[in-house]
Amino acid sequence: MPGPGVEERVVQVEERLVQVESRLGQVESDVAAVRGDLAAVSGDVQWMVEAIVAMHSGESLPLRAGAAPPPPPPP
């Protein structure tokens, strides 16, 4: 038979484990959101680099993902 207070301590540890597991789920969700943000920023940075290269080489700017196509050149 366990000593006095052992069962109470087990219950406390189990409750803490539930709290930690819940917090872990929140952290994993936050990490997924940050990864999504990083992917979006990475795409923006890639476009900026391509745009700078295009400007310096006299080429037209690259299309940006999700952007409307540029208007046709004037006649």
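Everything below is about the structure printed above this text.
Residues numbered from 1 in each chain as written. Predicted model: local features only at pLDDT ≥ 70, side-chain atom pairs only at ≥ 80, totals over all residues. Heavy atoms only, no water.

Visitor: Talk me through the overall build of the protein; I want residue IDs and the actual numbers.
Guide: The helix and strand inventory of the protein stands at 1 helix and 0 strands. Here the C-alpha atoms of the protein give a radius of gyration of 27 Å, more than 25% beyond the 11 Å that 2.2 N^0.38 yields for 75 residues. Here the protein carries 5 positive and 11 negative side-chain charges, and the mean point of each set is 4 Å from the other. (Helix = DSSP H or I, 4+ residues; strand = E, 2+ residues; numbered from the N terminus. Rg over C-alpha atoms; globule rule 2.2 N^0.38 Å. Lys, Arg positive; Asp, Glu negative; His and termini not counted. Charge placed at Lys NZ, Arg CZ, Asp CG, Glu CD.)

Visitor: Can you lay out the environment of valine 13 for me, pointing to particular residues and giving the numbers?
Guide: One can find valine 13 in helix H1 (residues 6–57). The class of valine 13 is partly exposed, set by a relative accessible area of 43%. (Buried < 20%, exposed > 50% of the residue type's maximum accessible area, 1.4 Å probe, protein only.)

Visitor: Could you give an account of H1, naming the residues involved and the relevant values?
Guide: Across its 52 residues, H1 extends 74 Å between first and last C-alpha, which sits within 8% of the 76 Å expected from 1.5 Å per residue. In the stretch just after H1, glycine 58 is the one whose phi turns positive, near 80°. (Expected span 1.5 Å × (residues − 1).)

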